[in-house]
Amino acid sequence: MSFKVAAIQMVSTPDVQENIQAAGALIAEAAADGAALVALPEYFCLMGRKDTDKVAARENEGDGPIQAFLAQQARTHGIYVVGGTLPMVCPEPERVYNTTLVFGPDGAPIARYDKIHLFNFQRGAESFDEATSIRPGTAPRVFDTPIGKVGLSICYDLRFPELYRAFGGVSLILVPAAFTYTTGKAHWELLLRARAVENQCYVLAPAQGGVHPTGRRTWGHSMLVDPWGEIVAQLPEGPGVVAGNIDTDRLEEIRTALPALRHRVM
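Predicted model, so just to flag it, every value in this text is computed and none were measured.

Parameters at a glance
- Residues numbered from 1 in each chain as written.
- Predicted model: local features only at pLDDT ≥ 70, side-chain atom pairs only at ≥ 80, totals over all residues.
- Heavy atoms only, no water.
- Helix = DSSP H or I, 4+ residues; strand = E, 2+ residues; numbered from the N terminus.
- Pairing = 2+ DSSP bridges.
- Axes fitted to C-alpha atoms, helices over the stretch in contact; angles between N-to-C directions.
- Contact = heavy atoms within 4.5 Å.
- Buried < 20%, exposed > 50% of the residue type's maximum accessible area, 1.4 Å probe, protein only.
- Polar contact = N/O pair within 3.5 Å; in protein donor to acceptor, adjacent residues only side chain to side chain.
- Parallel < 35°, antiparallel > 145°, perpendicular 65-115°, else oblique.
- Left-handed = near helix turned anticlockwise from the far one by under 90°.
- Nonpolar A, V, L, I, M, F, W, Y, C, P; charged D, E, K, R; others polar.

S.K.: Just checking my understanding: could you explain unusual backbone geometry for this structure?
M.R.: For residues besides glycine, phi is generally negative; the peptide bonds are generally trans as well. Here Tyr 43, not a glycine, exhibits a phi torsion of approximately 55 degrees, which is positive. With phi around 45 degrees, Gln 200 is a residue other than glycine that occupies positive phi space. Positionally, Gln 200 belongs in the loop between α5 (181–199) and β12 (202–205).

S.K.: Which parts of the structure should I look at to understand the sheet that holds β12?
M.R.: As a general point, the strands of a sheet are linked pairwise by backbone hydrogen bonds and lie either parallel or antiparallel. Spatially, β9-β10-β11-β12-β15-β16 is the arrangement adopted by the 6 strands of the open sheet, whose pairing is mixed. Of all the strands in the sheet, just β9 (141–145) and β16 (231–235) have a single pairing partner and so form its edges. For this sheet, the mean inter-axis angle between neighbouring strands, taken without regard to orientation, is 20 degrees. Contacts from α5 reach β11 (172–174), β12, β15 (222–225) and β16, with the element oriented near 25 degrees to β15.

S.K.: I tried to follow the environment of Glu 130 on my own but got confused; where do I start?
M.R.: With respect to the helices and strands, the residue Glu 130 is situated in the loop between β8 (126–129) and β9. Placed 35 residues apart in sequence, Glu 130 and Arg 95 show a C-alpha to C-alpha distance of 9.7 Å. In this structure Glu 130 touches Glu 42, Tyr 43, Lys 115, His 117, Leu 118 and Phe 119, once residues within four positions along its chain are discounted.

S.K.: What should I look at first to understand the pairing of strand β5 (residues 96–103) in this one?
M.R.: Consecutive side chains along a regular strand alternate between the two faces of the sheet. Counting buried positions along β5 gives 8 out of 8 residues, so the element sits mostly inside the fold. The alternating pattern of β5 places Val 96, Asn 98, Thr 100 and Val 102 and Tyr 97, Thr 99, Leu 101 and Phe 103 on opposite faces, both of which are buried. Pairing geometry for strand β3 (residues 80–82) and β5, over 2 bridges, is antiparallel. Across the sheet, the residue bridging to Val 81 is Phe 103, located in β5. Summarising the sheet, strand β4 (residues 86–89) and β5 pair through 4 bridges and their orientation is antiparallel. When the sheet's bridge partners are listed, Met 88 is paired in β5 with Tyr 97. Between β4 and β5, which pair antiparallel and follow one another directly, the connecting turn spans 6 residues. In terms of strand pairing, β5 meets strand β6 (residues 109–114) through 5 bridges, oriented antiparallel. Along β6, the bridge assignment pairs Phe 103 with Pro 109. The antiparallel pairing of β5 with β6 creates a hairpin that spans 5 residues between the two strands, and Gly 107 there sits at a positive phi of about 90 degrees.

S.K.: Mind showing me how you'd approach the environment of Glu 42 here?
M.R.: On the secondary structure map, Glu 42 appears in the loop between β2 (37–39) and α2 (52–56). Judged by its relative accessible area of 1%, Glu 42 is buried. With residues up to four places along the chain from it excluded, the contact list for Glu 42 reads Gly 84, Thr 85, Asn 98, Lys 115, Glu 130, Ile 154, Cys 155, Pro 176, Ala 177, Ala 178, Pro 206 and Gln 208. Looking at Glu 42, its side chain comes within polar contact range of the side chain of Lys 115, at 3.0 Å.

S.K.: Explain the packing of helix α1 (residues 16–32) against helix α3 (residues 65–77) here, please?
M.R.: If you want to describe how two helices pack, look at the angle between their axes and the distance between the axes. Viewed as axis vectors pointing N to C, α1 and α3 meet at an angle of 15 degrees, and their least axial separation amounts to 11 Å. Between α1 and α3, the crossing angle belongs to the class labelled roughly parallel. Note on packing geometry: the crossing formed by α1 with α3 is right-handed. In this structure, α1 contributes Val 16, Ile 20, Ala 23, Gly 24, Ile 27, Ala 28 and Ala 31 to the contact, and α3 contributes Pro 65, Ile 66, Phe 69, Gln 73 and His 77. Of the residues in the contact of α1 with α3, the class split is 9 nonpolar, 3 polar and no charged.

Structure below.
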């Protein structure tokens, strides 16, 4: 079975409506090309000028313009829409959950994942500490599709292989991200290909990619990687669509020839 998927690459701004409009155009492009599942990047709806911007834009589950947009896109095009991440209300007023929401082809929500691992990086003038404005999630999440189970992860999660093992067997892993230019150049492709090879599945990684109005530069290189670690499609920088097919026959062929998942002892 072949199932077409697409990763949307964006260079999001501090304006939610501007980002939603840009995302809508790219989703339509991917759907017109035959994608049955379209995934947006982390922070697709808002790359703020300061950490508190995301707190101001947070939504309650089931209510808000960002969620309404994602549901409408899924329903209009009859596809799975993976909403990158958006800020969701959490028990602390000064923080949010950084959340991936998945909507089915009928526009109904079918999965939610709150980012577990929070990025912290300091080198020279570069300094990031997501924990100041984000509350970590606690549980891995998967959802069902016609080509099997799909595992959800977000950006910095990529560095923690134990999260992906907790999924069990999946056909596809999603990694919406906003990798910094520095860390992306060093590790993005390496880690994506490693996760694909060790879990013997496809990996679809929609990313932020370019220089944002805030001055921040993200790495981009949205890509689809197959279970042998080969890059099916990739976009280095700038807005656009990366698409390719999930081939269940290739999944089975690789897992049969090299049954590494069955050889696990820990």
